[in-house]
Amino acid sequence: MHALNLQPKTLTLAERLADLAVDALIDEADLSPKPALVDRRGNGAHTDLHLGLMHASALSLWSAFKEMAEAAIECGEIGLPLREAVGRIGREGEQAMLATTGGVNTHRGAIWALGLLVTAAALEPESSAAGSITLRAARLALLDDRYAPRPLSHGAQVAQRYGAHGAREEAQLGFPSVVQRALPQLKHSRAAGHGEQNARLDALLAIMTRLADTCVLYRAGEAGLHTMQHGAQAVLDAGGSASLAGRRRLHELDEQLIALNASPGGAADLLAACLFIDRLESGAF
Ligand SMILES: CC(C)(COP(=O)(O)OP(=O)(O)OC[C@H]1O[C@@H](n2cnc3c(N)ncnc32)[C@H](O)[C@@H]1O)[C@@H](O)C(=O)NCCC(=O)NCCS
Ligand SMILES: Nc1ncnc2c1ncn2[C@@H]1O[C@H](COP(=O)(O)OP(=O)(O)OP(=O)(O)O)[C@@H](O)[C@H]1O
């Protein structure tokens, strides 16, 4: 008779997907040096965020991701019942996040993106190619949740002012930033022997080159967005995060974005989405 049962617990599919989503969020937060974002070095352009808060927030979302996967398994198909179940669970997850962080928005965009992807993965676990998962996630995102509140969010204000497409449209289009930019860049930089952390930084930069990040637009307008997109492209053109010239450009971009108070939070969420899909695709799950 043992006081401790050290037998590994057999996890359910929903629990494994929730583990994977939380891992992706923690890996995103820890990745350093990210321009103007919270990372191991500091708080970037944020006064109300820090790494410990990002970790606590990520862990607080585990139950919401598990419940989304369970809802997918129970519903078994894409339709309004699943969309509305996932919307309700996402809003509850957001409350759990806010209770953990004392009201600070650490992961709103990530709940949306990873929530849809966890749901999509649970619907058909054998069909884990990036294109298939993101297509199912897009079909869910296109359904209208009758119970979703329509607040004048930062994203909504920026959409009115600049006509920018934000988190909702990115999902409805099947996460083009992830499928067309981040995942190919991640694989390219890995194949070039740049090392895992540099490959992930390059994937983040690839997202930043094109994204209409509504966090940046809200905080720093079109000038901030232009600085983000061109600066990210300059790092990649200089050889990426693994090269000395690329590192210099990355450091400049970090300083420029912090001076503009322009934090690419949407790009960070999409990097987490990329890491989640990459693990699913690699079969490490
Ligand atoms: C769709 C969401 C993200 C709201 O978007 P909106 O742009 O109106 O809000 P907000 O300004 O709060 O931005 C949300 C976050 O998205 C991220 N983001 C910003 N720009 C982008 C972009 N171009 N692409 C992807 N993500 C982005 C940022 O992290 C930002 O903080 C979401 O919060 C929502 O509607 N939730 C309702 C509950 C629900 O249905 N949940 C489903 C769970 S799967
Ligand atoms: N490592 C990270 N550092 C900072 N933000 C991140 C990081 N990872 C993800 N994010 C995303 O960035 C968003 C936070 O950005 P921001 O602080 O601009 O949001 P806000 O509360 O809407 O705006 P503000 O702080 O300007 O009032 C979150 O929704 C989160 O999903």
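Residues numbered from 1 in each chain as written. Chains lettered and ligands numbered in written order. Predicted model: local features only at pLDDT ≥ 70, side-chain atom pairs only at ≥ 80, totals over all residues. Heavy atoms only, no water.

**Concerning the overall build of the protein**
Then step 1. Of the regular secondary structure elements, the protein holds 13 helices and 0 strands.
Then step 2. In terms of overall dimensions, the protein is globule-like: its C-alpha atoms have a radius of gyration of 18 Å, near the 19 Å expected for 285 residues.
Then step 3. Oriented by its inertia axes, the alpha-carbon framework of the protein measures out at about 55 × 50 × 35 Å.
Then step 4. Residue burial in the protein is summarised as follows: out of 285 residues, 54% are buried.
Then step 5. Carbon together with sulfur atoms contributes 53% to the accessible area of the protein, which is approximately 13000 Å² in total.
Then step 6. Of the charged side chains in the protein, 26 are positive and 32 negative; the average position of the first set lies 2 Å away from that of the second. (Helix = DSSP H or I, 4+ residues; strand = E, 2+ residues; numbered from the N terminus. Rg over C-alpha atoms; globule rule 2.2 N^0.38 Å. Buried < 20%, exposed > 50% of the residue type's maximum accessible area, 1.4 Å probe, protein only. Areas by Shrake-Rupley, 256 points an atom, 1.4 Å probe, with all protein chains shown as cover. Lys, Arg positive; Asp, Glu negative; His and termini not counted. Charge placed at Lys NZ, Arg CZ, Asp CG, Glu CD.)

**Notes on the site of ligand 1**
Then step 1. Looking at ligand 1, there are 30 residues lining it, with S153, G155, A212, T214 and D269 nearest.
Then step 2. Separating an oxygen atom of ligand 1 from a side-chain N or O atom of R168 is a distance of 3.1 Å.
Then step 3. Within the backbone of A212, one N or O atom sits 2.9 Å away from a nitrogen atom of ligand 1.
Then step 4. Notes on ligand 1: free accessible area 910 Å², of which the protein chains cover 90%.
Then step 5. When contributions to the shell around ligand 1 are tallied by element, the ones reaching two or more residues are α4 (80-101), α5 (108-123), α7 (154-162), α8 (167-172), α11 (214-237) and α13 (265-282).
Then step 6. Per-element tally for the shell around ligand 1: the top contributor is α5, with 6 residues. (Near = heavy atom within 4 Å. Polar contact = N/O pair within 3.5 Å; in protein donor to acceptor, adjacent residues only side chain to side chain.)

**Focus: helix α10 (residues 196-208)**
Then step 1. With 13 residues, α10 should cover 18 Å at 1.5 Å per step; its first-to-last C-alpha distance of 19 Å lies within 8% of that length.
Then step 2. Each element contacted by the buried residues of α10 is listed here: α1 (13-30), α9 (176-191), α11, α12 (244-259) and α13. (Expected span 1.5 Å × (residues − 1). Contact = heavy atoms within 4.5 Å.)

**Description of the site of ligand 2**
Then step 1. Near ligand 2 there are 19 residues, and of these E28, V38, T106, R219 and D269 occur at the shortest range.
Then step 2. A distance of 3.2 Å separates an oxygen atom of ligand 2 from a polar side-chain atom of N105.
Then step 3. Between ligand 2 and the protein, one listed contact pairs an oxygen atom with a side-chain N or O atom of R219 at 2.9 Å.
Then step 4. The set of elements that each furnish at least two residues to the shell around ligand 2 consists of α5, α11 and α13.

**Details of the nonpolar core**
Then step 1. Core analysis: the largest hydrophobic core is formed by 86 residues, its most contacted members being L17, F65, F175, M208 and F276.
Then step 2. Looking at this core element by element, the count peaks at 12 residues for α5.
Then step 3. When sequence neighbours within four positions are dropped, the list of residues in contact with F175 reads A113, L116, L117, T134, A137, E170 and L270.
Then step 4. Judged by nonpolar contacts, the second largest core, of 7 residues, contains A29, V38, L51 and V104. (Core = buried A, V, L, I, M, F, W, Y, C linked by side-chain atoms within 4.5 Å.)

**A closer look at the environment of G239**
Then step 1. By the secondary structure assignment, G239 is in the loop between α11 and α12.
Then step 2. On the basis of relative accessible area, G239 is assigned to the partly exposed category, the value being 33%.

**Re the environment of T12**
Then step 1. Of note, T12 is situated in the segment before α1.
Then step 2. For the pair T12 and H50, spaced 38 residues apart in sequence, the C-alpha to C-alpha distance is 32 Å.

**With respect to the confidence of the model for the protein**
Do not read the fine detail of predicted coordinates wherever pLDDT is low.
Then step 1. Taken over all residues, the pLDDT of the protein has a mean of 96, while the share at 70 or more is 96%.
Then step 2. We note a pTM of 0.96 for the whole complex and an ipTM of 0.93 for its interfaces. (pLDDT = per-residue confidence, 0-100.)

**Quick notes on the environment of A29**
Then step 1. Structurally, A29 can be placed in helix α1.
Then step 2. Note on A29: relative accessible area 1%, which makes it buried.
Then step 3. Excluding residues that lie within four positions of it along the chain, A29 makes contacts with K34, V38, D39, R40, L51, M54 and H55.

**Concerning α5**
Then step 1. Under the 1.5 Å per step criterion, the end-to-end length of α5 is 23 Å for 16 residues, consistent within 8% with the ideal 22 Å.
Then step 2. Most of α5 is tucked away: 14 of the 16 residues are buried.

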